[in-house]
Amino acid sequence: MERRATADIVVPVAASADGLRAVLARMRAIELGPGDTLTVVDNRGVGVDEPDVLVAAAVATSYFARNAGAARGSAQWLVFLDADVRPPADLLDRLLADPVPDAAVGVIAGGVLDDPVGARGPAAARFAELQATMAQDATFDRGRWGFAKTAHAAVRREAFDAAGGFRPLVRSGGDADLSWRIRDLGWTLDHRPAAAVVHTSRTTIPRMLAQRFRHGSGAAWLDREHPGSLPPRRWPGLVWWGARRAAAGLAAAARRDRDAAVLGLLDGPAVWAFELGRRVPNRPRPGRGRR
C-alpha cells in the first residue's frame, strides 16, 4: 500500500483560554503519522502555553490565523478544520489515503455533517440539520463556482504556496476565493464526503442569523472579486417568497409539525440576513476577534 502523504492540520480559534484548551483536546484525538503536525492557532492571544498552540492575533480573522499556522509546517498537505468540528481519529487516512489523491488535485473538500440534534433540538440547530447547511455539496457542486469550505478542507501545499495562501484581511469567503485562485492555476478540486467531521451548529437564532449576515458580507466581496460567482437576489421576489415561507411555517406550527414550522419560519430570516450582510464591508472589526 502506498504511504499516505504527510499533513499539517491547522485549526484557527478565537475563544477563551478554556475554549481553546477544549478545541486542542478534541483535535489531539486525530491520529498523526510520521511527518504530520497539529497547530491550533490562537487568534486572540489568550495565553495558552502548549506546544501545539501558535499565537497569531495581529489580525482578527480566521484566514490570517490559517496562513500563520500553514507557515509553521512543511508537510505535503494542509488540512484546515474549523474549531467547532468533531473529527474522527482516522481522519487523515480517510482524507488522503483512500484512495491517494490524483497528482492534479490541489484542493479536497472533506465531508461535513451538521450536528444531529434531532427533532427536539434547538430550533436554530435543527434548521441547520434539516437544511444540511454545512454540507460541502451545497458549495462544491456549483460548476465553475464550486469550492471547498474550510470547515474541513485539504490543500496541497504546493498549490497553496503558488496561490499565495488565503487573503488575510477578510472575515468571510476566503475559502471560496482560495479554491478559485488555485483552480485558475490549473489544479483540480476533489470531494471526499466519506472523510467526514461533525459540525456543531449555532444553538440560538440570533447567533445563526449573525453567521448568515457575515456570510452575506463575504458573498458580496466574492462577487466583486470574481464577477458572477455569487450575485445578489432580487428583493421584491425575496420578500414575496419570505412571506409565503412564513405562512407555510405558521400553518405547520398549527398542525404541530415542528420540522416544517422551523423550516418555514427560519427560511426567510436566514436568507434576509445573508442578503443584508452584503451591505457590510467584509473586513474585521477593530478590536474584535472571530473564529
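Check the entry above for the structure.
Residues numbered from 1 in each chain as written. Predicted model: local features only at pLDDT ≥ 70, side-chain atom pairs only at ≥ 80, totals over all residues. Heavy atoms only, no water.

Caption draft 1: Local environment of the side chain of Thr39. Here Thr39 lies in strand E2 (residues 37-42). When near neighbours in sequence (up to four residues on either side) are disregarded, Thr39 contacts Ile9, Val10, Val11, Asp52, Leu54, Gly69 and Arg72. (Helix = DSSP H or I, 4+ residues; strand = E, 2+ residues; numbered from the N terminus. Contact = heavy atoms within 4.5 Å.)

Caption draft 2: Here's a closer look at the layout of surface pockets. If you add up the space inside the largest pocket, you get close to 1,000 Å³. By residue number, the principal contributor to the lining of the largest pocket is helix H8 (residues 205-225), which donates seven residues. (1 Å grid on protein atoms, 1.4 Å probe; cavity = no way out; pocket = protein on both sides within 12 Å on 5 of 7 lines; lining within 4 Å. Points joined across faces, edges and corners; volume = space filled by probe spheres on them.)

Caption draft 3: Spotlight on the packing of H8 against helix H10 (residues 258-277). Where H8 meets H10, the axes come as close as 6 Å, and the angle between the chain directions of the two elements is 40 degrees. As summarised for this structure, H8 and H10 are arranged oblique, according to the angle between their axes. The handedness of the crossing between H8 and H10 comes out as right-handed. Side by side, H8 and H10 meet where Ile205, Met208, Leu209, Arg212, Phe213, His215, Gly216, Ser217 and Ala219 of the first sit next to Leu266, Pro269, Ala270, Ala273, Phe274, Leu276 and Gly277 of the second. When grouped by side-chain class, the residues that make up the contact of H8 with H10 number eleven nonpolar, four polar and one charged. (Axes fitted to C-alpha atoms, helices over the stretch in contact; angles between N-to-C directions. Parallel < 35°, antiparallel > 145°, perpendicular 65-115°, else oblique. Left-handed = near helix turned anticlockwise from the far one by under 90°. Nonpolar A, V, L, I, M, F, W, Y, C, P; charged D, E, K, R; others polar.)

Caption draft 4: How the structure looks around the sheet that holds E2. With mixed pairing, the eight strands of this open sheet are ordered in space as E3-E2-E1-E4-E7-E6-E8-E5. Looking along the sheet, the strands with just one partner apiece sit at the ends: strand E3 (53-55) and strand E5 (85-86). Both E2 and E3 contribute to a ladder of three bridges, which runs parallel. Bridge pairing in E3 places Val41 opposite Leu54. Running over the sheet, helix H2 (residues 62-72) touches strand E1 (7-13), E2, E3 and strand E4 (77-81) and is turned about 150 degrees from E1. Here helix H7 (residues 174-184) sits on the sheet and contacts strand E6 (105-114), strand E7 (152-156) and strand E8 (188-199); the angle it forms with E6, its principal contact strand, is near 150 degrees. (Pairing = 2+ DSSP bridges.)

Caption draft 5: Quick peek at the pattern of salt bridges. Counted under the stated rule, the structure contains 20 salt bridges. For the salt bridge of Arg126 with Glu129, the shortest nitrogen-to-oxygen distance reads 2.9 Å. Of this pair, Arg126 and Glu129 both sit in helix H4 (residues 123-131), three residues apart, roughly one helical turn. Salt bridges linked by common partners bring Arg167, Asp177, Arg181 and Glu225 together as one network. (Salt bridge = Lys/Arg side-chain N within 4 Å of Asp/Glu carboxyl O.)

Any link to function would need more than the numbers given here.
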